[in-house]
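# Notes for the structure review
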Amino acid sequence: MRGRRRILSVVGTLATVLLLMTGATFAAETGPGSVANSDFWRALTLRDYNTRVVLAGTCLLGLAGGVVGTFMLLRKRSLEADVASHAAFPGIGLAFLLTEAFRPGLGKSLPILLAGAFATALLGIGCTHLLTRIRRIREDAALGMVLGVFFGAGVVLLTIIQGLPSGHQAGLSDFVFGKAAALVASDMQVLAGCAVVVVVLCGVSFKALTLLCFDREFAEVQGWPVRGLDWLLTLLIVSVTVIGMQSVGLLLVVALTIIPSAASRFWSDRLPVMVAVAGGLGALSGLLGVLVSAAAPRLAAGAVIVLSATAVFGVSLLLGPRGGAVWEWLRRRSVRVRVGLLDLLRTSYELQERRWSAGEVPRAAELSDFSFTADLLRQVRSWSPARVASLLHYGILVGVIRPDSAGGYRLTEEGGRQALEAVRQHRLWELYLIHYAELPPLHVDSSADLTEHALHPQQIEQLERLLSGTIPPLPPNPHAPIDHAPAIVPPGGVA
């Protein structure tokens, strides 16, 4: 069942993606903008060299962000990526100013700018850790303080740089919102190198990072360098954040580390699968974002990539086999129908219970002699007409109820067997509540209704052992006394 659900989810996701791509293709074919159509097809077929470069760069960024973001999500440190991105902003400005001061003309060098961003991003994370050691400052407050201070410093430096003769041509403001279309082959090489390093380091230290994420104290007792592993995670997330600033922008790059990893939780509970899925979803987000931005060149590529990641998350939220909304709705509906049918079978037995003497257990086939109507069920259970009709239809479908010639309904032999089992399970739990939880007999019926269907067979055996020797094969109704019902005495108890 689980495998079939996963296969159906994957097929549903692929169908949704194909539907979106088909819709985009149709819009491109029928849209009025012939230039945009041409750009879309050229991007879809990867004819342009620059498109291939941008596509490769964003996919690698999404892959690395999804992989390392999964560990940060499980470590409950996802927002550190946001701090790192904002704290990296003044580093870009400082690197430009220092380079222009000592080597005029080299201030726009991307490796130098990224090195400055990396240094101040690490400094920002370090400041956050120091602030959280102060007892009166909570972690969220420390994150907000560092984020705001460093971004403010970056804005001040950018204002100073724009006042310089070479400041307007520096293009430092592109790091705020990103400019994926400006990526060149050398930028892609830097992205590819960083992405490969991040993925390889995550793979090599996978066992240690797993222990750190799930049980830090156990990892420390086992001798793992947990503090070093924490800093390794910090270095990895800062690296992904810094290399993604040019394509997605420092304000949005955090989304590529959080959204794919959050979406992967709807696909599997196993960490290796989650990491792989998060990387794949991150790369898929980059792919969709570049294609959509190619179809609509006026839209910012970074924002479109993040919106594509959000769409991927929405599909995962709906169709993911591990807690997806559609599967969760189907599961709850199935449980509600199954529980309702058991309640209906038990009600059909209680309607004819007085046909037998106390302690007498009827055969399953004998229960089919009694005819009941939908109106009678509604009166006894206070169910709505729609619910009664739905349960009767489902009971007929699964073969536990059959309509009779008088317009009523009867239990089949299988329905009688399940009705006897449901009555016994319900009353065992009622007797337990009366004699061990000391609940009044008139109050146990609704409590038993809420719990009896969740009882495991082993729990039923435990109840039977607790009440061993004190109950007949089919316990009497404890809250609707019958004149000839025997007294129930728990072991060592008083009737």
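## A closer look at the overall build of the protein chain
Assigned secondary structure in the protein chain consists of 20 helices and 2 strands. Expressed as a percentage of its 495 residues, the buried residues of the protein chain come to 46%. When contacts within the protein chain are restricted to residue pairs at least 6 apart in sequence, long-range pairs at least 24 apart make up 71% of them. Of the roughly 24800 Å² of accessible surface on the protein chain, 63% is carried by carbon and sulfur atoms.

## Concerning the packing of aromatic side chains
Scanning the model with the defined rule gives 4 aromatic pairs in all. Considering the side-chain rings of Phe-71 and Phe-206, the 5.9 Å spacing of their centres and the 75 degrees angle between planes classify their relative orientation as edge-to-face. A residue pair is termed long-range when its members are at least 10 positions apart, and Phe-71 in helix α3 (residues 49-74) and Phe-206 in helix α9 (residues 206-214) qualify at 135 residues. You can call Phe-206 partly exposed: its relative accessible area is 24%. An angle of 70 degrees between the planes, with centres 5.9 Å apart, marks the rings of Phe-266 and Phe-313 as edge-to-face. Residue Phe-266 is found in the loop between α12 (255-264) and α13 (271-295), and its partner Phe-313 is found in helix α14 (residues 301-319); the two are separated by 47 residues along the sequence. For the cation-ring pair, Arg-387 lies above Trp-383, with the distance from its terminal atom to the ring centre recorded as 5.5 Å.

## Remarks on unusual backbone geometry
The phi angle at Lys-76 is positive, at roughly 60 degrees, despite the residue not being glycine. According to the relative accessible area criterion, Lys-76 is exposed, its value standing at 73%. Of note in this structure, Ser-382 is not a glycine but carries a positive phi near 60 degrees.

## Points about the pattern of salt bridges
Under the counting rule described, the total for this entry stands at 19 salt bridges. Notably, a salt bridge pairs Arg-381 with Asp-343, separated by 3.9 Å at the nearest N-O pair. Of this pair, Arg-381 sits in helix α16 (residues 374-381) while Asp-343 sits in helix α15 (residues 325-351), and the two are 38 residues apart along the sequence. Comparing Arg-381 with Asp-343 shows no difference in burial state: the two are buried. Note that Arg-427 is salt-bridged to Glu-350, the shortest N-O span being 3.8 Å. Placement of Arg-427 in helix α18 (residues 413-435) and of Glu-350 in helix α15 is noted, with a sequence separation of 77 residues between them.

## Examining the side chain of Arg-77
Along the chain, Arg-77 falls in the loop between α3 and α4 (80-102). Side-chain polar atoms of Arg-77 contact the side chain of Glu-80, separated by 2.8 Å. Among residues more than four places away in sequence, those in contact with Arg-77 are Met-72, His-129, Asp-230 and Thr-234.

## Some details on helix α6 (residues 139-162)
With 24 residues, α6 extends 35 Å from end C-alpha to end C-alpha; this agrees with the ideal 34 Å at 1.5 Å per step. Looking at α6, one finds that the buried residues are Ala-142, Leu-143, Val-146, Phe-150, Gly-154, Leu-157, Leu-158 and Ile-161. Taken together, the buried residues of α6 touch α4 and α5 (110-132).

## With respect to a nonpolar patch on the surface
The grouping of Leu-318, Val-326, Trp-329 and Leu-330 at the surface amounts to a nonpolar patch, some 370 Å² of accessible area in total. The leading source of residues in the nonpolar patch is α15, at 3 residues.

## Re the state of the cysteines
Per the stated rule, a full pass over the model turns up 0 disulfides. Looking at the unpaired Cys-213, the closest cysteine sulfur is the one in Cys-202, lying at 9.7 Å.

## What to know about the environment of Val-361
As for its placement among the helices and strands, Val-361 is situated in the loop between α15 and α16. What makes Val-361 partly exposed here is its relative accessible area of 40%. In the structure, Val-361 is positioned 59 residues away from Leu-420 in sequence and 8.7 Å away in space, judged by C-alpha atoms.

## Observations concerning the environment of Val-226
Of note, Val-226 is situated in helix α11 (residues 226-244). Between the C-alpha atom of Val-226 and that of Leu-209, which follows or precedes it by 17 residues, the distance is 8.8 Å. If we skip the residues at most four places from it in the chain, Val-226 touches Leu-212, Arg-216, Ala-219 and Glu-220.

## Considering the nonpolar core
By size, the foremost hydrophobic cluster in this structure holds 71 residues, and its most contacted members are Val-68, Phe-71, Leu-172 and Phe-175. Within the second largest apolar cluster, 20 residues are counted, among which are Trp-356, Phe-372, Val-388 and Ile-401.

## A few points about the confidence of the model for the protein chain
If pLDDT is low for a region, its predicted coordinates should not be looked at in detail. The predicted model of the protein chain averages 81 in pLDDT, with 83% of residues at 70 or higher. Element-level mean pLDDT values for the protein chain span from 53 in helix α1 (residues 2-30) up to 94 in strand β1 (residues 401-403).

## Topic: the environment of Thr-210
With respect to the secondary-structure elements, Thr-210 resides in helix α9. Sequence separation between Thr-210 and Leu-74 is 136 residues, and the spatial gap between their C-alpha atoms is 9.0 Å. Setting aside residues up to four positions removed in sequence, Thr-210 forms contacts with Phe-71 and Leu-271.

## Observations regarding the packing of α15 against α16
In contact at an axis separation of 11 Å, α15 and α16 are set at 95 degrees when each is read in the N-to-C sense. Comparing the axis directions of α15 and α16 gives the class roughly perpendicular. Across from Asp-343, Leu-344, Arg-346, Thr-347 and Leu-351 in α15, the residues of α16 making contact are Leu-376, Leu-377, Val-380 and Arg-381. Looking at the contact of α15 with α16, its residues break down into 5 nonpolar, 1 polar and 3 charged.

Criteria and cut-off values
Residues numbered from 1 in each chain as written. Predicted model: local features only at pLDDT ≥ 70, side-chain atom pairs only at ≥ 80, totals over all residues. Heavy atoms only, no water. Helix = DSSP H or I, 4+ residues; strand = E, 2+ residues; numbered from the N terminus. Buried < 20%, exposed > 50% of the residue type's maximum accessible area, 1.4 Å probe, protein only. Contact = heavy atoms within 4.5 Å. Areas by Shrake-Rupley, 256 points an atom, 1.4 Å probe, with all protein chains shown as cover. Phe/Tyr/Trp six-rings, centres within 6.5 Å; stacked < 30°, edge-to-face > 60°. Lys NZ or Arg CZ within 6 Å of the ring centre and 35° of its normal. Salt bridge = Lys/Arg side-chain N within 4 Å of Asp/Glu carboxyl O. Polar contact = N/O pair within 3.5 Å; in protein donor to acceptor, adjacent residues only side chain to side chain. Expected span 1.5 Å × (residues − 1). Patch = residues over 30% accessible without salt bridge, like charges linked within 9 Å, V, L, I, M, F, W, Y side chains within 5 Å. Disulfide = S-S within 2.5 Å. Core = buried A, V, L, I, M, F, W, Y, C linked by side-chain atoms within 4.5 Å. pLDDT = per-residue confidence, 0-100. Axes fitted to C-alpha atoms, helices over the stretch in contact; angles between N-to-C directions. Parallel < 35°, antiparallel > 145°, perpendicular 65-115°, else oblique. Nonpolar A, V, L, I, M, F, W, Y, C, P; charged D, E, K, R; others polar.

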